[in-house]
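Working through the structure, step by step
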Amino acid sequence: MADEKFSNFLTDIIDADLAEGKVDVVHTRFPPEPNGYLHIGSAKAIFINYTISKHYGGLFNLRFDDTNPAREGDEYVQSILQDLKWLGAEPNGGIFYGSDYFERCYEYAEQLIKEGKAYVDDLTREEMQEYRGNDAGKPSRPSPYRDRTPEENLDLFRRMRAGEFADGEKTLRAKIDLASPNMNMRDPTIYRIKHVEHHRQGDKWCIYPMYDFAHPIQDAIEGITFSLCSLEFENHRPLYEWVITNLFSKEFPKQREFARLNVTNTVMSKRYLRELVEKNIVDGWDDPRMPTLSGLRRRGYTPTSIFTFVKEAGISKADNLVDMRQLEAVLRAELELNAQRRVAVLEPVKLIIDNYPADQCEYFDLPNNPNRDANDTTTRKVAFTKELWIENSDFFEVPPPKFKRLTLGSEVRLMGAYLVRCTGVDKDENGKVVAIHAEADLETRNGNPADGRKVRGTIHWVSCAHCLDAEVELYDKLFTEANMNSIPDDADFKDYLNPDSVKVLQGAKLEESLKDAKPGDRFQFVRNGYFTPDSKHEGVYNRIVTLKDSFKL
């Protein structure tokens, strides 16, 4: 039975079935179609099916729903496998492909034909729609081919498989109820002709089962007990149950639905995401601005943060729009505890310590993680020399009110090192400051001044002679509209793209200890945010998330 920490309406259903002895094992599945990359919405379906099966000590299957060959491919299969491995959602029930059940699906289709529960139809898609109509309260017109004999239907269906007919020339339809208030039950198509090569089956098949027909069959064959899917399939549940009842004569598998995960300032439609990729608006499916799991991974998000976010967003049947900043807050809390601190100057200007020897280099010990809860007392050595890089924004000739950093005549602490006082600046022919001059109080080596004077500002720095050059990408939301599902039907979603979704900073200066950093390593660049090396482009760092935000968990 589900405990209070892991309890929702789905576990209530499962608990009841277990208590009544209807099932003795909880067996779930995640059935992605390999025609695109998984996104944050997919993570909710994975979380629900994986964690529920794990909670009950059951089984969890990964099944590729590759019944539509038009856009499916091995690239997407491999990306899905990588995403599940990254999330830690091990399919302990096995990895399967819907296409491996094609022969079984065909046999079950023939069974329905022989029992008079399916027929071959010659209506075109447009004609079928016209016959069906749009009024749920008015029965549909029967197809003129609905009363073909089982023998004639069987012959036509076998000829469909043999490739005698063109795409769209014939379909196989289930014979159910033309007066059903659920339009999905009005003789739905269960097979269509597609002369398209399949990524695994090659050209063996030219007819393919529809998802609504194949899915319950696959669930039943694999022994799935609970088919947990998103809410758009709720109206398809009667058809799911019709297939199970008519082919397997049992109650299970049982389909139940939950609300999808909608997140602000992005889109979840694979069609939209594919368009962004194919039109080179983004840097591939794994662009760090994309809501794909590969994009979030490249951006620097952690599997833990994604599953925690999904859990906190809740499991219900009520549609909601979750603020992306909630995911950022979850991740920020994790990185604040776990990320090692490093120094990076993103928009550098030179600081010259005039009274420091030009040939001298000393090392200061800086903490790797000063967060008390991290229990990390380790330090690293950072080089200090006469010429340093500091942030351009840490100096103003004419400072704004309450400015506590460096300005002419003022004194600041160089983080973990000396107090320095600004004495002057060098400018280019356009009046731009190109170097700042200062004198250090060499008696304050990471200590307080002897006269007890108070210095309020602290700024970070890196040695000019001991640093790495890098490009830094500062990411923001991909779309300007919070709820992309609310844009007008005739609007182009690309009109809502955020022109400032990424800011590229060339010539950032990083402390040299980062020379061995690898993609997947995460650091807090002190005073600047959390960053990770990019997995595609060497020498590039992606900002994962800022240090602070007004959003509260």
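**With respect to the side chain of Asn 153**
You can see Asn 153 is positioned in helix H6 (residues 150–162). In terms of polar contacts, Asn 153 uses its side chain to reach the backbone carbonyl oxygen of Arg 148, at 3.2 Å. Beyond its immediate chain neighbours, meaning those up to four positions away, Asn 153 contacts Ile 113, Ala 118, Tyr 119, Val 120 and Arg 148.

**Focus: the packing of aromatic side chains**
A complete count under the given rule lists 27 aromatic pairs for this structure. Ring centres of Tyr 106 and Phe 157 lie 4.9 Å apart, and the angle between their planes is 15 degrees; this geometry places the pair in the stacked category. Of the two residues, Tyr 106 sits in helix H4 (residues 102–114) while Phe 157 sits in helix H6, which places them 51 residues apart along the sequence. Between Tyr 106 and Trp 205 the ring centres are 6.1 Å apart and the planes differ by 55 degrees, which places this aromatic pair in the tilted class. Placement of Tyr 106 in helix H4 and of Trp 205 in the loop between strand S6 (189–193) and strand S7 (207–209) is noted, with a sequence separation of 99 residues between them. Note on Trp 205: relative accessible area 4%, which makes it buried. A connected cluster of aromatic rings, assembled from ring pairs, spans Phe 102, Tyr 106, Phe 157, Tyr 191, Trp 205, Tyr 208 and Phe 213. Across from the ring centre of Phe 165, 4.9 Å away, lies the NZ or CZ of Lys 170, which sits over that ring. A cation over a ring is seen here: Arg 200 above Tyr 97, with NZ or CZ 3.7 Å from the ring centre.

**Overview of the packing of H4 against helix H7 (residues 211–222)**
For any two helices packed against each other, the geometry comes down to the angle between their axes and how far apart the axes lie. One can describe the packing of H4 onto H7 by two numbers: an axis separation of 10 Å at closest approach and a directional angle of 110 degrees. As judged from the angle between their axes, H4 and H7 are roughly perpendicular. Judged by the twist between their axes, the crossing of H4 over H7 is right-handed. Every residue of H7 that contacts H4 at Arg 104, Cys 105, Tyr 108, Ala 109 and Leu 112 is listed here: Phe 213, Ala 214, Ile 217 and Ile 221. Looking at side-chain class alone, the contact of H4 with H7 contains eight nonpolar, no polar and one charged residues.

**A word on the sheet that holds strand S18 (residues 411–414)**
Pairing is mixed in the open sheet, where seven strands are placed in the order S21-S18-S19-S20-S14-S17-S22. Bordering the open sheet on either side are strand S21 (458–459) and strand S22 (462–463), each of which pairs with just one other strand. Bridge analysis of S18 against strand S19 (residues 419–427) gives three bridges, and the strand direction is antiparallel. Paired with Val 412 across the strands is Val 420, a residue of S19.

**Observations regarding the sheet that holds strand S4 (residues 118–121)**
The strand order across the open sheet formed by four strands is S4-S5-S6-S7, and the pairing between neighbours is antiparallel. The open sheet is flanked by S4 and S7, the only strands paired with a single partner. Across this sheet, the average inter-strand angle for adjacent strands is 20 degrees, counted without regard to direction. As paired elements, strand S5 (residues 171–174) and S6 share three bridges and run antiparallel to each other.

**As for the environment of Lys 404**
Residue position: Lys 404 is located in the loop between strand S17 (387–391) and S18. Overall, the relative accessible area of 45% leaves Lys 404 in the partly exposed class. Taking C-alpha positions, Lys 404 is 27 Å from Pro 357, a pair spaced 47 residues apart along the chain. Beyond its immediate sequence surroundings of up to four residues, Lys 404 is in contact with Val 412, Arg 456 and Gly 457.

**Focus on the pattern of salt bridges**
In this structure the tally under the stated criterion is 50 salt bridges. In this structure, Asp 219 engages Arg 63 in a salt bridge whose closest nitrogen and oxygen atoms are separated by 2.5 Å. A residue pair is termed long-range when its members are at least 10 positions apart, and Asp 219 in helix H7 and Arg 63 in strand S2 (residues 59–64) qualify at 156 residues. When sorted by exposure, Asp 219 lands in the same class as Arg 63, which is buried. Across the pair Glu 511 and Arg 380 runs a salt bridge whose closest N-O atoms are separated by 2.8 Å. You can see Glu 511 sitting in strand S24 (residues 502–511) and its partner Arg 380 sitting in strand S16 (residues 379–384), a full 131 residues away along the chain. The same class applies to Glu 511 and to Arg 380, which are both buried. Look at the salt bridges and you will find they share partners, linking Asp 17, Glu 20, Lys 22, Glu 251 and Lys 254 into a network.

**As for the nonpolar core**
Soluble globular proteins tend to bury their nonpolar side chains together. By size, the foremost hydrophobic cluster in this structure holds 50 residues, and its most contacted members are Ile 40, Ile 52 and Leu 84. Membership of the second largest hydrophobic core comes to 33 residues, among which are Ala 109, Phe 165, Tyr 208 and Ala 214.

**Some remarks on unusual backbone geometry**
It is generally the case that most residues other than glycine have a negative phi and that most peptide bonds are trans. Cis geometry is found at the peptide bond from Phe 252 to Pro 253, where omega equals 10 degrees. Mapped onto the fold, Pro 253 is located in the loop between helix H8 (237–248) and strand S9 (254–258). Notably, Asn 265 is not glycine yet its phi reads approximately 60 degrees, a positive angle. Within the fold, Asn 265 resides in the loop between strand S10 (262–263) and helix H9 (270–278). In the Ramachandran plot, Asn 375 falls in the positive-phi region, its phi being about 55 degrees despite a non-glycine side chain.

**Topic: H4**
For H4, which comprises 13 residues, the first-to-last C-alpha distance of 18 Å matches the rise-based estimate of 18 Å (1.5 Å per residue) to within 8%. Considered for burial, the residues of H4 that qualify are Phe 102, Cys 105, Tyr 106, Tyr 108, Ala 109, Glu 110, Leu 112 and Ile 113. In the segment just after H4, Gly 116 is the residue with positive phi, at about 75 degrees.

Thresholds, definitions, all that
Residues numbered from 1 in each chain as written. Predicted model: local features only at pLDDT ≥ 70, side-chain atom pairs only at ≥ 80, totals over all residues. Heavy atoms only, no water. Helix = DSSP H or I, 4+ residues; strand = E, 2+ residues; numbered from the N terminus. Polar contact = N/O pair within 3.5 Å; in protein donor to acceptor, adjacent residues only side chain to side chain. Contact = heavy atoms within 4.5 Å. Phe/Tyr/Trp six-rings, centres within 6.5 Å; stacked < 30°, edge-to-face > 60°. Buried < 20%, exposed > 50% of the residue type's maximum accessible area, 1.4 Å probe, protein only. Lys NZ or Arg CZ within 6 Å of the ring centre and 35° of its normal. Axes fitted to C-alpha atoms, helices over the stretch in contact; angles between N-to-C directions. Parallel < 35°, antiparallel > 145°, perpendicular 65-115°, else oblique. Left-handed = near helix turned anticlockwise from the far one by under 90°. Nonpolar A, V, L, I, M, F, W, Y, C, P; charged D, E, K, R; others polar. Pairing = 2+ DSSP bridges. Salt bridge = Lys/Arg side-chain N within 4 Å of Asp/Glu carboxyl O. Core = buried A, V, L, I, M, F, W, Y, C linked by side-chain atoms within 4.5 Å. Expected span 1.5 Å × (residues − 1).

That's the geometry; what it means functionally is another story.
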